[in-house]
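# Descriptive structure summary
Each chain, letter by letter, is given below.
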Amino acid sequence: MTTPTSSTIWARRVTDGVEPKNVIIAMLPLLGVLRYGWEGLGWAVFAAVFAAVVPTLFIRRGIRRGTVEDRHVGHRQRRLTVIPFIMGSVLTCFAVMLGLDAPADLTAVVLAMFASLVPILVITVWWKVSIHTAVASGAVVCLAVALGPWWLLLGPPVALIGWSRVVLRDHTTAQTVVGAVVGALTAGLTFWAAR
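Residues numbered from 1 in each chain as written. Predicted model: local features only at pLDDT ≥ 70, side-chain atom pairs only at ≥ 80, totals over all residues. Heavy atoms only, no water.

### A short note on the overall build of the protein chain
So the rule is basically this: We count a stretch as a helix when DSSP gives it H or I for four or more residues in a row; a strand needs E for two or more, and each element gets its number in order from the N terminus. All radius of gyration figures rest on C-alpha atoms, and the globule criterion is 2.2 Å times the number of residues raised to 0.38. Per-residue accessibility, obtained with a 1.4 Å probe over protein chains only, is compared with the maximum for each type, and a residue is labelled buried under 20%, exposed over 50%, and partly exposed between these values. Note on areas: Shrake-Rupley, 1.4 Å probe, and residue coverage restricted to the protein chains presented here. When charges are counted, Lys and Arg are positive and Asp and Glu negative, with His and the chain ends excluded. Every charge is mapped onto a representative atom, which is NZ of Lys, CZ of Arg, CG of Asp or CD of Glu.
A tally of helices and strands in the protein chain yields seven helices and zero strands. Starting at the N terminus, the α and β elements of the protein chain follow one another as α-α-α-α-α-α-α. What you see for the protein chain is a C-alpha radius of gyration of 16 Å, in line with the 16 Å of a compact globule of 195 residues. For the protein chain, the C-alpha atoms occupy an extent of roughly 50 × 40 × 30 Å along the three principal directions. Across the 195 residues that make up the protein chain, the buried fraction comes to 44%. Accessible surface computed for the protein chain: about 9700 Å², of which carbon and sulfur atoms make up 70%. Here the protein chain contributes 16 positive and 8 negative side-chain charges, whose respective centroids are spaced 8 Å apart.

### Focus on the packing of aromatic side chains
Heads up, the rule is: Here the aromatic set is Phe, Tyr and Trp, taking the six-membered ring for Trp, and pairing holds for ring centres within 6.5 Å; pairs whose planes are under 30 degrees apart are stacked, those over 60 apart are edge-to-face, and all others are tilted.
Per the stated rule, a full pass over the model turns up three aromatic pairs. Taken together, a centroid distance of 3.8 Å and an interplanar angle of 10° make the contact between phenylalanine 58 and phenylalanine 85 stacked. Here phenylalanine 58, found in helix α2 (residues 20-65), pairs with phenylalanine 85, found in helix α3 (residues 76-99); they are 27 residues apart in sequence, far enough to count as distant. Put simply, the rings of Trp43, Phe46 and Phe50 pair up and form one aromatic cluster.

### Quick notes on a nonpolar patch on the surface
In plain terms, the rule: Patches here are clusters of residues that have more than 30% relative accessible area and form no salt bridge, with a 9 Å joining cutoff for like charges and a 5 Å cutoff for nonpolar side chains (Val, Leu, Ile, Met, Phe, Trp, Tyr). Here, a salt bridge means any Lys or Arg side-chain nitrogen found within 4 Å of an Asp or Glu carboxyl oxygen.
A contiguous nonpolar patch, built from Ile25, Val45, Val49, Val53 and Leu57 and spanning about 370 Å² of accessible area, is present on the exposed surface. With respect to the helices, strands and loops of the structure, isoleucine 25 is situated in helix α2. The class of isoleucine 25 is partly exposed, set by a relative accessible area of 37%.

### Examining the pattern of salt bridges
It is possible for side chains of opposite charge to pair when their charged atoms get near one another. Counted according to the given criterion, the structure contains seven salt bridges. Glutamate 19 is the salt-bridge partner of lysine 21, the closest N and O atoms lying 3.7 Å from each other. On the basis of relative accessibility, which here comes to 24%, the residue lysine 21 falls in the partly exposed class. It is possible to trace a salt-bridge network through shared partners that takes in Arg12, Asp16, Glu19, Lys21 and Arg71.

Following this line, the structure appears as structure tokens:
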């Protein structure tokens, strides 16, 4: 077994600390509170349950059963089972929020999450695109659309996330860049059109 270096230790901290579920759990309440106050916070927590908590529980169940090897679902083929489950959970959330007339920006951001998973799933059939960078870049662009361009200053950490995935040899540089572009474009355009 290789001894961890300073780079791999920091890369692991970044990868685990800013994993997709944590980005979603941070971004949704931020957007909800800044746009809609306490009502927004309630809806944001509801959305986070379906977009982050339920998928995390599904992955943990897979780890316990031996069908998923780690919390980041490093095996590309395993992602082809996990991603459709997440899509179903997010789509269920979107339907409920739409039906109950939830705040527009929160409903739109949930739709943006679903939309970004579509090309990610398609690409994953052949190639292991980075979901870490896709979620992070999508979150940054959605915040910028909703709250103003200053939020684009959160963009550089997306590169740091990409660096961590490459250092840990979970992705190539190309896979992290494509993930970031797919997340930013798909989530950003969907959010902009749906809000």
